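Spelled out, the chains give:
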Amino acid sequence: MKAEQVDPFHEAKREVDISVSKLQGLYNNWNSMPDKNSILAKEKYALIKEEIKYLNNDLDDLDNSVKIVKKNIYKFNINNEELERRTISLNNIRAVLNDIANNLTYKVLSCNTNMMGNYDTVTLKKQDNDLEELAESAEKLHNAAITINTELKDQQKLLDELENEMDNSNEKMNFVTQKISDYLQTNNPKVLSLILYLIVISFVLLFVLVVS
């Protein structure tokens, strides 16, 4: 008795179904990982992409086998209904692979977008802080400039007052000097006594000015 011959299509499809089931488990495991940018997540991502590629190649081979049978249906013990079922089953598997691939891409893009959004938020916050610090520094410089300007005006006022006092003192000294010069031309004892008195007074005034 001859052993029943196994249809190679069903054998190949069974292997594909097993691989798709493993792929779905791998995708679910990757999808549950919170950090899609971790080394392990990236390794699983690459493995999923590679497995999808291989499975699509297997589906292409099975599709070609179905097309060959359709063209030469009289050579095979397969009816059109069976060929249609095979085509539908292959399309369903390909749809599953496309869903996984699309979800994979969407998740990665969403993760990168969130990271970029967080980065932009941090960057904008840092820029705001920098602007606030710059504004505070500018205000401090402005206040310091006002203080310095006020102090310079006060110092200039003091210098002007001191200059006026010096001018007045010089005028007084010139007056005294002129008087002394006039009195020195006489030999009158009273005049000489007055001159000495004025000299003493002048030194006292000069001392007071210097000390004050």
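The residue count restarts for each chain, going from 1 along the sequence in the order it is written. Local features are withheld for residues below a pLDDT of 70 in this predicted model, meaning they are given only at 70 or higher, and side-chain atom pairs are given and counted only at 80 or more; totals for whole chains, interfaces and linings count all residues. Side-chain figures throughout are based on the complete set of non-hydrogen atoms in the structure, without hydrogens or water.

Identification of the protein chain as SNARE protein, putative from Plasmodium ovale is taken from an unreviewed UniProt entry. UniProt positions are given in the numbering used here, feature names are shortened, and annotations may be inferred rather than shown by experiment. If you open the UniProt record of the protein chain and go to Subcellular location (unreviewed entry), you find "Golgi apparatus membrane". The protein chain has a UniProt comment under Sequence similarities (unreviewed entry) that states "Belongs to the syntaxin family."

(A) Quick look at the pattern of salt bridges. Whenever Lys or Arg places a side-chain nitrogen within 4 Å of a carboxyl oxygen from Asp or Glu, that contact is recorded as a salt bridge. Within this structure, the stated rule accounts for seven salt bridges. A salt bridge links Arg 14 to Glu 11; the shortest N-O distance between them is 3.3 Å. With Arg 14 and Glu 11 both in helix α1 (residues 8-31), this residue pair falls three residues apart, about one helical turn. Exposure categories follow from relative accessible area, calculated using a 1.4 Å probe and restricted to protein chains: below 20% of the type maximum is buried, above 50% is exposed, and the middle band is partly exposed. When its relative accessible area of 42% is taken as the criterion, Arg 14 is described as partly exposed. Across the pair Arg 86 and Glu 82 runs a salt bridge whose closest N-O atoms are separated by 3.0 Å. Placement of both Arg 86 and Glu 82 in helix α3 (residues 80-184) is noted, with a separation of four residues, approximately one turn of the helix. Take Arg 86 and Glu 82: they sit in the same class, and that class is buried. A single salt-bridge network, built from bridges that share partners, covers Glu 11, Arg 14 and Glu 15. Each helix is a run of DSSP H or I of at least 4 residues and each strand a run of E of at least 2, with the numbering of both proceeding from the N terminus.

(B) Up close: a negative patch on the surface. On the surface, a cluster of negative charge is made up of Asp 160, Glu 161, Glu 163, Glu 165, Asp 167 and Glu 171. Take Asp 167: it is sitting in helix α3. Using a relative accessible area of 36% as the deciding quantity, one classes Asp 167 as partly exposed. The residues that make up patches have over 30% relative accessible area and no salt bridge, and they are joined within 9 Å when like-charged or within 5 Å when they are Val, Leu, Ile, Met, Phe, Trp or Tyr. Here the accessible surface of atoms and residues is derived via Shrake-Rupley with a 1.4 Å probe, and residues count as covered only by protein chains that are part of the display. Charge counting treats Lys and Arg as positive and Asp and Glu as negative, with His and both chain ends excluded. Where a charge sits is defined by one atom per residue type, namely NZ (Lys), CZ (Arg), CG (Asp) or CD (Glu).

(C) View of the nonpolar core. Within the largest apolar cluster, 24 residues are counted, with the highest numbers of intra-cluster contacts made by Val 16, Leu 23 and Ile 48. Elements with a contribution of two residues or more to this core: α1, α2 (39-71) and α3. Counting residues per element, this core draws most heavily on α2, at eight residues. Working rule for contacts: check all heavy atoms of both residues, and any pair within 4.5 Å makes them a contact. Leave out the neighbours within four places in its chain, and Val 16 touches Leu 55, Asp 58, Leu 59, Leu 62 and Ile 93. Only buried Ala, Val, Leu, Ile, Met, Phe, Trp, Tyr and Cys residues count toward a nonpolar core, and they belong to the same one when joined by side-chain atoms within 4.5 Å.

(D) Spotlight on α1. With 24 residues, α1 should reach 34 Å at 1.5 Å per residue; the first-to-last C-alpha distance of 34 Å fits that figure. Within the sequence span of α1, burial applies to Phe 9, Lys 13, Val 16, Val 20, Leu 23, Leu 26, Tyr 27 and Trp 30. Each residue after the first adds 1.5 Å to the expected span of a helix.

(E) Just the side chain of Lys 44, in detail. Position of Lys 44 relative to the elements: it lies in helix α2. As a buried residue without a salt bridge, Lys 44 has its nearest oppositely charged side chain in Glu 43, at a separation of 7.5 Å. With near-sequence residues (within four places) excluded, Lys 44 lies in contact with Leu 26, Asn 29, Trp 30 and Met 33.

(F) Structural detail: α2. Compared with an ideal rise of 1.5 Å per residue, which puts 33 residues at 48 Å, α2 spans 49 Å between its outermost C-alpha atoms and is within 8% of the ideal. Here α2 has its buried residues at Ala 41, Lys 44, Ile 48, Ile 52, Leu 55, Asn 56, Leu 59, Leu 62, Asp 63, Val 66 and Val 69.

(G) The environment of Ala 12, seen in detail. The topology assignment puts Ala 12 in helix α1. When the C-alpha positions of Ala 12 and Asp 58 are compared, they lie 8.4 Å apart, and in sequence the two are 46 residues distant.

(H) Examining the environment of Lys 36 more closely. Turning to its location among the elements, Lys 36 is positioned in the loop between α1 and α2. Judged by relative accessible area, which is 15%, Lys 36 ranks as buried. When the C-alpha atoms of Lys 36 and Lys 107 are compared, they prove to be 8.4 Å apart, with 71 residues separating the residues in sequence. When residues no more than four places from it in sequence are discounted, the contact partners of Lys 36 are Trp 30, Asn 31, Ala 41, Lys 42 and Cys 111. Counting of polar contacts relies on pairs of N or O atoms within 3.5 Å, with two restrictions inside protein: one atom must be capable of donating a hydrogen and the other of accepting it, and residues adjacent in sequence are counted only when both atoms are side-chain atoms. Separated by 3.3 Å, the side chain of Lys 36 and the backbone oxygen of Asn 31 make a polar contact.

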